[in-house]
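Coordinate inspection notes
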Amino acid sequence: MAQSDLDLFRVTLLGTGAPPPVINRFGPSTLVEAGREKFIFDAGRGAMQRLHQLGIPFADITGLFLTHHHSDHVVGFVDLWLTGWIGRPWGMRKTPLRVWGPDGTKQMMEHLPKAFHVDIRVRSRNYPPEGVKLEADGVNEGMVYDRNGVRVTAFEVDHGGEDLPAFGYRINYHGHSAVLSGDTTFNENLIRHATGADLLVHEVTAATGAAAESKEQLKRIGSNHTTPDQAGIVFSRTRPKLAIYNHLLLFGSAKADDLIPMTRKSYAGPLEVGEDLMRVDIGDEVVARRFGSPE
Ligand SMILES: [Zn+2]
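This one's a predicted model, so the numbers in the text were calculated from it and none came from an experiment.

1. Examining the environment of Ser 236
Relative to the elements of secondary structure, Ser 236 occurs in helix H9 (residues 228-238). For Ser 236, a relative accessible area of 32% puts it in the partly exposed group. A sequence separation of 13 residues divides Ser 236 from Ser 223, and the C-alpha atoms of the two residues are 21 Å apart. Beyond its immediate stretch of four places on either side in the chain, Ser 236 contacts Ser 266 and Tyr 267.

2. Looking at the coordination of the zinc ion
Surrounding the zinc ion are the protein donor atoms His 68 (NE2), His 70 (ND1), His 159 (NE2) and Asp 183 (OD), at 2.2 to 2.3 Å. Coordination at the zinc ion is irregular: its four donor atoms span angles of 82 to 170° at the metal. Within one chain, the residues serving as donors to the zinc ion are arranged as H-x1-H-x88-H-x23-D. Placement of His 159 in the loop between strand S8 (150-156) and strand S9 (167-173) and of Asp 183 in the loop between strand S10 (176-180) and helix H6 (188-194) is noted, with a sequence separation of 24 residues between them.

3. Focus on the sheet that holds strand S5 (residues 97-101)
Here we have eight strands laid out as an open sheet, ordered S6-S5-S4-S3-S2-S1-S14-S15, and mixed in their pairing. Looking at strand neighbours, the two that pair on one side only are strand S6 (134-138) and strand S15 (286-289), the edges of this open sheet. On average, each strand axis in the sheet is tilted by 20° relative to the strand beside it, whichever way the strands run. In this structure, strand S1 (residues 9-15) lies alongside strand S14 (residues 279-282), joined through three bridges in antiparallel fashion. In the sheet register, Val 11 faces S14, and the bridge partner there is Val 280. Sheet strands touched by helix H4 (residues 105-115): S5 and S6. Its angle to S6, the strand with the most contacts, is close to 160°.

4. Examining unusual backbone geometry
One non-glycine residue with positive phi stands out, namely Arg 239, at about 50°. Following the sequence through the fold, Arg 239 ends up in the loop between H9 and strand S12 (242-252). For Arg 239, a relative accessible area of 66% gives the class exposed. The backbone of Leu 277 sits at a positive phi, close to 75°, despite the residue not being glycine. Here Leu 277 shows up in the loop between strand S13 (271-273) and S14. Exposure remark for Leu 277: the relative accessible area of 3% places this residue in the buried category.

5. Examining the pairing of strand S3 (residues 37-41)
The buried count for S3 comes to five of five residues, which makes it a mostly enclosed element. Sheet analysis places strand S2 (residues 29-34) next to S3, joined by five bridges and oriented antiparallel. Across the sheet, residue Val 32 finds its bridge partner in S3, namely Phe 39. Alignment of S3 against strand S4 (residues 63-65), held across three bridges, turns out to be parallel. The partner of Ile 40 across the bridge, within S4, is Leu 64. Each parallel crossover has a hand, and the one from S3 via helix H2 (residues 47-53) to S4 is right-handed.

6. Here we look at the packing of aromatic side chains
Tallying each qualifying case throughout the model produces 15 aromatic pairs. Ring geometry for Trp 81 against Phe 116: centres 6.0 Å apart, planes inclined by 90°, an arrangement best described as edge-to-face. Taken together, the positions of Trp 81 in helix H3 (residues 77-83) and Phe 116 in the loop between H4 and helix H5 (117-123) put the pair 35 residues apart, joining distant regions of the chain. The exposure class assigned to Trp 81 is buried, which follows from its relative accessible area of 1%. Considering the side-chain rings of Trp 100 and Tyr 145, the 5.7 Å spacing of their centres and the 80° angle between planes classify their relative orientation as edge-to-face. Placement of Trp 100 in strand S5 and of Tyr 145 in strand S7 (residues 142-147) is noted, with a sequence separation of 45 residues between them. Neither residue differs from the other here; Trp 100 and Tyr 145 are each classed as buried. Among the aromatic residues, ring-to-ring pairing joins Phe 39, Phe 41, Phe 65, Trp 100, Tyr 145 and Tyr 169 into one connected group. Above the ring of Phe 26, the side-chain terminus of Arg 50 is found at 3.9 Å from the ring centroid.

Scoring rules and cut-offs
For every chain, the first residue of the written sequence is number 1, and numbering continues from 1 along that sequence. At least 70 in pLDDT is required for a residue's local features to be given in this predicted model, at least 80 for side-chain atom pairs to be given and counted, and no such filter applies to totals for whole chains, interfaces and linings, which use all residues. Side-chain figures throughout are based on the complete set of non-hydrogen atoms in the structure, without hydrogens or water. Elements are defined by DSSP. Helices are runs of H or I of four residues or more, strands are runs of E of two residues or more, and each kind is numbered from the N terminus. Think of it in three bands: residues with accessible area under 20% of the maximum for their type are buried, residues over 50% are exposed, and the middle band is partly exposed, with areas taken using a 1.4 Å probe on protein chains only. In this description, contact between two residues means that some pair of their heavy atoms is separated by no more than 4.5 Å. The donor set covers N, O and S atoms within 2.8 Å of the metal, switching to 3.2 Å for Na, K and Ca, and it leaves out water, so a site may look short of donors. Only two sets of limits are used to name each site, 85 to 135 degrees for every angle of a tetrahedral four-donor site, and over 155 degrees for opposite donors with all other angles from 65 to 115 for a square planar four-donor or octahedral six-donor site, with any other site named irregular. For two strands to count as paired, DSSP must find a minimum of two bridges between them. Fitting a line to C-alpha atoms yields each axis, with helices limited to the stretch in contact; the angle taken between N-to-C directions then spans 0 to 180 degrees. By convention, a crossover is right-handed whenever its connection, traced from the first strand over the helix to the second and viewed with the strands pointing away, goes clockwise. Stacked, tilted and edge-to-face are the three classes applied to pairs of Phe, Tyr and Trp rings, where Trp contributes its six-membered ring and a pair requires centres within 6.5 Å; stacked means planes under 30 degrees apart, edge-to-face means over 60, and tilted covers the rest. Placement of a charge over a ring requires the Lys NZ or Arg CZ to be within 6 Å of the ring centre, with the centre-to-atom vector within 35 degrees of the ring normal.

Below is the structure:
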């Protein structure tokens, strides 16, 4: 592997959406490439298409992390796993897939092969059976992965309390780091783990107009997600070289274009609103580029 490949530390937003089945933002999913490792964090709707747009076969993915089990973060998993096993340029997987996630992940990964046993039986005649195997582990707060200079640390966040275990992840590589908030309301543990990170990819929710007037709605959103105002406080305290919003949850008449002005009340630093396939190269500089734009 060339030195330039080993220097690679890139975060690509595969999907920046949420449950609404819109065409311009696929479900939450993030690709992290660090040297010889490639990880996918969450598997929202359309992750397989986005990965294929990048020209990366699923065979190249080292493993997959789940932040929590809300379906919008998981419904793309079966597509990645099974389409990624097919022996065509987008797939070609020949080795078991490692999956990490909160409580319930092992059970899910035990049940999925049962649900798809007919397809697996039939296609195993043509494709290597090892390539469809799943090896799952539950995560707790702390180090989850440490290999080839890549260290992945899980930390607890608050996505609606104890009922729904939820994690953010910090990825360290070559003296740099990226943090993915997962889904969370304003949370001190996230601030602790994100402090000093080069890149902070953060979820966001905003409501304006009629939706902003529904107290019930605001209460529910506020206990599970982070408003731009709160996110600004998180960014001001953690001081990333770049903060990017993903997983946009917009209610009422709120628009993506509103998010930066809404955040400026509490944060004046570098901030982008993520879009699908936006990529960020992390080094001495941290630069976000849209899909198709030159290096
Ligand atoms: Zn969620």
